[in-house]
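Structural description and commentary
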Amino acid sequence: GNSARSLEWLRAGKIDIAGSHLNDPIAGGRGFSVVTFALWEEGFVVRRGNPKAIHGVADLANPRVRFVNREEGSGSRKVFDSLIEAAGMTPAKVKGSDTSVPGHLAAAWAVASGAADCCIAAGSAARRFGLDFVPLATERFELVLQKRDLTRKAVQGVLEVLNRARFRRQLEMIAGYDVSRAGETIV
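Residues numbered from 1 in each chain as written. Predicted model: local features only at pLDDT ≥ 70, side-chain atom pairs only at ≥ 80, totals over all residues. Heavy atoms only, no water.

**Focus on empty space enclosed by the protein**
Empty space among the atoms becomes apparent when a probe as large as a water molecule is rolled across them. Enumeration according to the criterion identifies 1 cavity of 30 Å³ or more in this entry. Every residue lining the largest cavity is listed: Val46, Arg47, Asn50, Pro51, Lys52, Ile54 and Asp117. Taken together, the residues of the lining of the largest cavity break down into 3 nonpolar, 1 polar and 3 charged. (1 Å grid on protein atoms, 1.4 Å probe; cavity = no way out; pocket = protein on both sides within 12 Å on 5 of 7 lines; lining within 4 Å. Points joined across faces, edges and corners; volume = space filled by probe spheres on them. Nonpolar A, V, L, I, M, F, W, Y, C, P; charged D, E, K, R; others polar.)

**Quick word on the confidence of the model for the chain**
Summing up the model confidence of the chain, the mean pLDDT is 85 and the portion of residues at 70 or higher is 86%. Across the chain, element-level confidence peaks in strand E3 (residues 67–68) with a mean pLDDT of 98 and bottoms out in helix H2 (residues 25–28) with 52. (pLDDT = per-residue confidence, 0-100. Helix = DSSP H or I, 4+ residues; strand = E, 2+ residues; numbered from the N terminus.)

**Some details on the side chain of Gln146**
For Gln146, the position within the fold is in strand E5 (residues 132–146). A polar contact of 3.5 Å, which involves the side chain of Gln146, links it to the backbone oxygen of Leu10. Excluding residues that lie within four positions of it along the chain, Gln146 makes contacts with Leu10, Asp16, Gly31 and Phe32. (Polar contact = N/O pair within 3.5 Å; in protein donor to acceptor, adjacent residues only side chain to side chain. Contact = heavy atoms within 4.5 Å.)

**Thoughts on the environment of Asp59**
Of note, Asp59 is situated in the loop between strand E2 (32–46) and E3. Between the C-alpha atom of Asp59 and that of Val94, which follows or precedes it by 35 residues, the distance is 9.1 Å. Those residues in contact with Asp59, other than ones at most four positions away along the chain, are Ala53, Ile54 and Val65. A distance of 2.8 Å separates the side chain of Asp59 from the backbone nitrogen of His55, its partner in a polar contact.

**Description of the pairing of E5**
Note: strand E1 (residues 17–20) against E5, 4 bridges, orientation antiparallel. Each bridged residue has a counterpart across the sheet, and for Gly19 the counterpart in E5 is Leu143. Of the pairings in the sheet, the one linking E2 to E5 comprises 14 bridges and is antiparallel in character. Residue pairing across strands places Glu42 opposite Ala137, the latter belonging to E5. (Pairing = 2+ DSSP bridges.)

**Things to note about the pairing of E2**
A large share of E2 lies buried, amounting to 14 of its 15 residues. Where E2 and strand E4 (residues 118–122) come together, 5 bridges link them in antiparallel fashion. When the sheet's bridge partners are listed, Glu42 is paired in E4 with Ala122. (Buried < 20%, exposed > 50% of the residue type's maximum accessible area, 1.4 Å probe, protein only.)

**Topic: the nonpolar core**
One finds Phe44, Ile54, Leu60, Phe67, Phe80, Val94 and Cys118 to be the most contacted residues of the largest nonpolar core, which totals 15 residues. Of all the secondary-structure elements, those providing two or more residues to this core are E2, helix H3 (75–86) and E4. Counting residues per element, this core draws most heavily on H3, at 3 residues. (Core = buried A, V, L, I, M, F, W, Y, C linked by side-chain atoms within 4.5 Å.)

**So, the sheet that holds E2**
Pairing between sheet strands relies on hydrogen bonds along the backbone, with the strands arranged either parallel or antiparallel. Strand order across the open sheet formed by 5 strands is E1-E5-E2-E4-E3, with mixed pairing between neighbours. Unpaired on one side and paired on the other, E1 and E3 mark the two borders of the sheet. Running at roughly 125° to E4, H3 makes contact with E2, E3, E4 and E5 of the sheet. Strands in contact with helix H6 (residues 153–162) are E1, E2 and E5; relative to E2, the strand with the most contacts, it is inclined by about 35°. (Axes fitted to C-alpha atoms, helices over the stretch in contact; angles between N-to-C directions.)

**Observations regarding unusual backbone geometry**
The backbone phi angle of Asn50 is positive, close to 45°, even though this residue is not glycine. Mapped onto the elements of the fold, Asn50 is located in the loop between E2 and E3. Of note, the phi angle at Ala53 is positive, near 50°, even though the residue is not glycine. Its location among the elements puts Ala53 in the loop between E2 and E3.

Here it is in structure tokens:
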């Protein structure tokens, strides 16, 4: 995925900061620093009151449930694929698994507008539209950089922006991420 490529570029010195949600071992490697960018809970977004009683992946096989999927390579799509695999199901069993919308908000909007009964998205996207949420996993997005670059002016500038309340509020509004811990150095 894109995270793997950006970590490779960082290793090769082509970029200064890589975005990653892989918990890649290189990230914890000597000489690298990991900074939290955003955390979010990923789960089933359903109509208020959960009228189709969707609590687990098996409930998506109900022919009365219309699911809307996320784009290939997205974290939500990976969660969907791993749930399906763990349950020994095939995506074909899920009506709408072959559809895809880009982003948490577009997916939640599909449920809010009645185009679908369920999607996998961030909890904040469910709250935005007054929908119910069944949590499945916590995702984290990190910035990885060379430790020696922490003192560089340009890099410090980026980290300063992450620590600004206004920037965090905007990110929360746009993407629905929990950025309350943005800028925290993990390693």
